[in-house]
Amino acid sequence: MNINTATKPHERLAATLAEDLSAVNELIHVRMASEHAPRIPEVTAHLVEAGGKRLRPMLTLAAARMSGYEGPYHIHLAATVEFIHTATLLHDDVVDESGQRRGRPTANLLWDNKSSVLVGDYLFARSFQLMVETGSLRVLDILANAAATIAEGEVLQLTAAQNLATDEEIYLKVVRGKTAALFSAATEVGGVIAGATAEQIQALYDYGDALGIAFQIADDLLDYQGDSAATGKNVGDDFRERKLTLPVIKAVAHATAEERAFWVRTIEKGQQSDDDLDTALSLMAKYNTLEETRTDAVAWADKARAALTRLPDHPIRQMLDDLSDYVVSRLL
């Protein structure tokens, strides 16, 4: 991996796309306004302006620019992607009963659950208005399907997250739904709006899909070995919230009867004591599951990079290649 740490790949991408990103931000602020309900822009601004990397909308802008697009609608699509992402975060924090997001109190904590859910619904509606304005039924189909897939992934997680029968195949379905679906839609619509070839659009989809999976696996791993100041989450939050993510799934697969009883008590039944996180970490260390999870994340990042080789040479393509490495470089 050749990561230039002086300037991170997403920062170089943001600098390259600065003019487009400025137009996206302006459109977001215009469309999140509400004449009759001032709480809507208040709640939305709390998340939109919380210092997120704007990674998903940048992927749309990058895919469109790399595919030679010169029209105005990549801005609409990038704003659409950000609205869908923000809406899902608002809903997720209610479902997960989260108190912190990007190092700040969540909207549901500052306002209430009702406001978070309803504002999320408003943003979904706004995102569909933006899609329609592009005049492309194919774009509408891709993003509407992504929105449905995200919801499916979240509902699947409700049933799978605390069930020790959940294996790596089910975990991958959850990740593809709740995370990778928006990454792949973001890159795919950038190619579609630009009129790219079918092969190039497929490559963009494959890149987004693999990058999204690598991103989520890395995120799940960082929950057990990350820096709280950097991630904005406390180490072990997923364990305390009884989320069966890949490091635990791998440990459960190796577990003895006694160890399995520990996982049943802490994850399935939610009966946790203060030293249980240390026990969980020791079991993951025993079976080397954190390192195995890191290997999986790197493999998906490599798949993302391989997809880019099917696209024409372009300066942005190299930035997306570096981004694939960066997603997993956090795990080294």
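Residues numbered from 1 in each chain as written. Predicted model: local features only at pLDDT ≥ 70, side-chain atom pairs only at ≥ 80, totals over all residues. Heavy atoms only, no water.

## Some details on the packing of helix H4 (residues 55-66) against helix H9 (residues 168-193)
Test applied: Angles run from 0 to 180 degrees between N-to-C directions of axes, and those axes are lines fitted to C-alpha atoms, restricted for helices to the stretch in contact. Counting from the N terminus, the helices are DSSP H or I runs at least four residues long and the strands are E runs at least two residues long. Roughly parallel covers angles under 35 degrees, roughly antiparallel covers those over 145, roughly perpendicular covers 65 to 115, and oblique covers all other angles. In this scheme the crossing of two helices becomes right-handed for a clockwise turn of the near helix relative to the far one and left-handed for an anticlockwise turn of less than a right angle. Contacts are residue-level and defined by heavy atoms, with any inter-residue pair within 4.5 Å sufficient. Residue classes follow a fixed rule: Ala, Val, Leu, Ile, Met, Phe, Trp, Tyr, Cys and Pro count as nonpolar, while Asp, Glu, Lys and Arg count as charged, and any other residue, Gly among them, counts as polar.
Interaxial distance between H4 and H9 falls to 7 Å at its minimum, and their mutual angle equals 25 degrees. In terms of their interaxial angle, H4 and H9 are classed as roughly parallel. Viewed along their axes, H4 and H9 form a crossing whose handedness is right-handed. Facing Leu-55, Arg-56, Leu-59, Thr-60, Ala-63 and Ala-64 of H4, the residues of H9 in contact are Leu-182, Phe-183, Ala-186, Thr-187, Val-189, Gly-190, Gly-191 and Ile-193. Across the contact of H4 with H9, the residue classes break down as 9 nonpolar, 4 polar and 1 charged.

## Section: unusual backbone geometry
We apply this condition: Buried residues are those whose accessible area, probed at 1.4 Å on protein chains only, stays under 20% of the maximum for their type, while exposed residues exceed 50% and partly exposed ones sit between those limits.
We note that Arg-242 has phi near 60 degrees; this positive angle belongs to a residue other than glycine. By the secondary structure assignment, Arg-242 is in the loop between helix H12 (237-240) and helix H13 (246-254). Its relative accessible area of 22% is what places Arg-242 among the partly exposed residues. Backbone geometry at Asn-288 places phi at a positive 60 degrees, although glycine is not the residue there. With respect to the secondary-structure elements, Asn-288 resides in the loop between helix H15 (276-286) and helix H16 (289-308). On the basis of relative accessibility, which here comes to 43%, the residue Asn-288 falls in the partly exposed class.

## Notes on the environment of Leu-143
Here Leu-143 is to be found in helix H8 (residues 137-160). Sequence separation of Leu-143 and Leu-182 is 39 residues, and the distance between their C-alpha atoms is 8.0 Å. Aside from chain neighbours lying at most four places away, what touches Leu-143 is Leu-77, Thr-80, Val-81, Ile-84, Met-131, Ala-185 and Val-189.

## Digging into the nonpolar core
Applicable threshold: We call a set of buried residues a nonpolar core when its members are Ala, Val, Leu, Ile, Met, Phe, Trp, Tyr or Cys and they connect through side-chain atoms within 4.5 Å of each other.
Core analysis: the biggest nonpolar cluster contains 99 residues, and Leu-143, Tyr-207, Trp-263 and Leu-320 have the highest contact counts within it. Ranked by the residues each element gives to this core, the list is headed by helix H10 (residues 198-225), at 14 residues. For Leu-320, the contacting residues outside a window of four places in its chain are Leu-13, Leu-59, Ala-62, Met-66, Tyr-207 and Leu-308.

## Let's talk about the packing of aromatic side chains
For clarity, the threshold we go by: Pairing of aromatic side chains here covers Phe, Tyr and the six-membered ring of Trp, requires ring centres within 6.5 Å, and sorts the geometry by plane angle: under 30 degrees stacked, over 60 edge-to-face, intermediate tilted. Consider the ring centre and the ring normal. A charge sits over the ring if Lys NZ or Arg CZ is within 6 Å of that centre and within 35 degrees of that normal.
According to the stated counting rule, one finds 4 aromatic pairs in the structure shown. With a centroid separation of 5.3 Å and 45 degrees between ring planes, the pair formed by Phe-183 and Phe-215 is classed as tilted. Pair noted here: Phe-183 is in helix H9 and Phe-215 is in helix H10, with a separation of 32 residues, a long-range link. Residue Phe-183 shares its accessibility class with Phe-215, and that shared class is buried. Each ring, one from Phe-239 and one from Trp-263, has its centre 6.5 Å from the other, and the planes form 75 degrees; the classification is edge-to-face. Taken together, the residues Phe-239 in helix H12 and Trp-263 in helix H14 (residues 257-268) connect sequence positions 24 residues apart. For the pair Phe-239 and Trp-263, one class covers both residues: buried. Across the ring face of Phe-215, the terminal group of Arg-56 is positioned such that the distance to the ring centre comes to 5.6 Å.

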